[in-house]
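Listed here are the chains, written in short residue letters.
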Amino acid sequence: MKSKYTSLWLLLSTAMIVILLIAFADDISIGGWTIKKAPYHDALLVDKEAEAREVAIADSIQTLRREEAEKKVVKVDSTQQSILLIGDSMTMNLALRLAMYAKQNGHTFHAVNWDSSNTIKWGKSNHLAEFIEEYGATYVFISLGANELYLKNPETHKQYVEMILAQIGDRPYVWIGPPNWKEDAGVNDMIESTCLPGSFFRSAGMTFARKKDGIHPTREASALWIDSIARWMPKSSHPILLDFPSDSIGKVNANIKFLKATDK
């Protein structure tokens, strides 16, 4: 038995179909009258197209920034530096090799290895500013991001990267990107876009011999890692002397300070 509302529902459905057809069709002219297209088409489709264009533009700008930084030739700063390297558990082996470069080129060197640290810990604490003052650092290397490869929305940590860079101030720096052992969801891109052009070294994509955990590069691989950074240094925003260490430099003290994972 048909409901007394069946005819009404059919009428409403037909009206809705007509409205949608008009919304997605061009303007309709009947005699001297013109039915203007409704804005639903723009609301449903154009916004997505605009969003896609904005993403493409942002990607293009980032690519241009990177290309311009690579093309830019900056005179090497030949003055002696007080180098400070800070970061997570990747830092120790990096420090052992970077200390050799520092001695070869007349720089002083200190490092701070904070196990299990990330941008949150370094950003929310004032440790970096304290170590910069303690060691009179004029050039800073940062090795962070490895403990954040899991982030699904890396933009949530952008504020902490900014806090770290704020502690560095106007000193030149190089942010050493994490040695990816897995794909990330954009943490490298987030850090690079936050750093000044020419101040981020992307390690993702490099091949590393790793320890048994499959995560940390071996001491030898870390040395090669630093060698790659030294070769890249002339392309950085503020290159300093990092000539290859000779075999005759002798014993080198890396001056590494260790913070515990539980430290705040």
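I will try to describe carefully the structure that is included in this document. Along each chain, numbering runs from 1 in the same order as the chain's sequence is written. In view of the model being predicted, local features appear only for residues whose pLDDT reaches at least 70, and side-chain atom pairs are presented and counted only at 80 or more, with totals across whole chains, interfaces and linings using the full set of residues. Side-chain measures were taken over the full set of non-hydrogen atoms in the model, leaving aside hydrogen atoms and water.

### Structural notes on the overall build of the protein chain
Item 1. Scanning the protein chain for helices and strands turns up eight helices and eight strands.
Item 2. Out of the 264 residues in the protein chain, the part that is buried amounts to 40%.
Item 3. Only heavy atoms matter for contacts: two residues are in contact if any of them lie within 4.5 Å across the pair. Taking as baseline every contact in the protein chain between residues at least 6 positions apart, the subset at least 24 positions apart corresponds to 78%.
Item 4. Of the accessible surface of the protein chain, which amounts to about 15500 Å², a share of 58% is contributed by carbon and sulfur atoms. Elements are defined by DSSP. Helices are runs of H or I of four residues or more, strands are runs of E of two residues or more, and each kind is numbered from the N terminus. The cut-offs for exposure are 20% and 50% of the maximum accessible area for each residue type, with area from a 1.4 Å probe on protein chains only; residues under the lower value are buried, those over the upper are exposed, and the others partly exposed. For the area figures, the Shrake-Rupley method with a 1.4 Å probe applies, and any residue is considered shielded solely by the protein chains shown.

### Some thoughts on empty space enclosed by the protein
Item 1. Buriedness of a pocket was judged along seven lines, with at least five required to meet protein on both sides within 12 Å; pockets are open sets of points on a 1 Å grid over the protein atoms alone, cavities are sets where a 1.4 Å probe fits but cannot get out, and lining residues have an atom within 4 Å of a point. Grid points are joined across faces, edges and corners, and a volume is the space filled by probe spheres set on the points. Evaluation of the coordinates by the stated rule reveals one cavity of 30 Å³ or more.
Item 2. There is about 30 Å³ of room inside the largest cavity.
Item 3. Looking at the largest cavity, the residues that line it are Leu98, Phe141, Ile226, Ile229, Ala230 and Leu242.
Item 4. The biggest single contributor to the lining of the largest cavity is helix 8 (residues 219–232), with three residues.
Item 5. Within the lining of the largest cavity, the residues separate by chemical class into six nonpolar, no polar and no charged. Only Asp, Glu, Lys and Arg are considered charged in this grouping, and only Ala, Val, Leu, Ile, Met, Phe, Trp, Tyr, Cys and Pro are considered nonpolar; every other residue, Gly among them, is considered polar.

### Description of the packing of helix 6 (residues 158–168) against helix 7 (residues 187–194)
Item 1. Axes here refer to lines fitted to C-alpha atoms; in helices the fit is confined to the stretch in contact. Angles between the N-to-C directions go from 0 to 180 degrees. Put simply, helix 6 and helix 7 touch, their axes get as near as 10 Å, and they point 40° apart. Taken together, the axes of helix 6 and helix 7 lie oblique to each other. As for the relative orientation of helix 6 and helix 7, their crossing is right-handed in sense. Contacts between helix 6 and helix 7 involve Lys158, Val161, Glu162 and Leu165 on the former and, on the latter, Met190, Ile191, Ser193 and Thr194.
Item 2. Looking at the contact of helix 6 with helix 7 residue by residue, the classes come out as four nonpolar, two polar and two charged. In these notes the angle categories are as follows: under 35 degrees is roughly parallel, over 145 is roughly antiparallel, 65 to 115 is roughly perpendicular, and the rest is oblique. The crossing is said to be left-handed when, going from far helix to near helix, the turn is anticlockwise and less than a right angle, and right-handed when the turn is clockwise.

### Remarks on the sheet that holds strand 4 (residues 108–114)
Item 1. Strands sit in the order 7-6-5-3-4-8 across an open sheet of six strands; the sheet is parallel. Of all strands in the sheet, those with a lone pairing partner are strand 7 (200–201) and strand 8 (256–259), marking the two edges.
Item 2. Pairing between two strands requires that DSSP report at least two bridges joining them. As paired elements, strand 3 (residues 82–87) and strand 5 (residues 139–143) share five bridges and run parallel to each other. Each bridged residue has a counterpart across the sheet, and for Leu84 the counterpart in strand 5 is Val140.

### What to know about the nonpolar core
Item 1. Buried Ala, Val, Leu, Ile, Met, Phe, Trp, Tyr and Cys residues that are joined via side-chain atoms within 4.5 Å together make up what is termed a nonpolar core. Ranked by internal contacts, the top residues of the largest apolar core, which has 28 residues, are Leu85, Phe109 and Phe141.
Item 2. Of all the secondary structure elements, the ones that give two or more residues to this core are strand 3, helix 3 (91–104), strand 4, strand 5, strand 6 (173–176) and helix 8.
Item 3. With near-sequence residues (within four places) excluded, Phe141 lies in contact with Ile83, Leu84, Leu85, Ile86, Leu98, Val174, Ile176, Ile229, Met233 and Leu242.
Item 4. Ile86, Val140, Leu144 and Trp175 belong to the second-largest nonpolar core, a separate cluster that totals 26 residues.

### Here's the deal with helix 6
Item 1. Among all positions of helix 6, only Tyr160, Val161, Ile164, Leu165, Gln167 and Ile168 are buried. What you see down the axis of helix 6 is that its buried residues fit within an arc of 155°, all on one side.
Item 2. Buried residues along helix 6 sit against helix 4 (119–124), helix 5 (127–135), strand 5, strand 6 and helix 7.
Item 3. Looking one or two residues past helix 6, Gly169 carries a phi angle of roughly 70°, positive in sign. By definition, the arc is the one covered by directions from the helix axis to the C-beta atoms.

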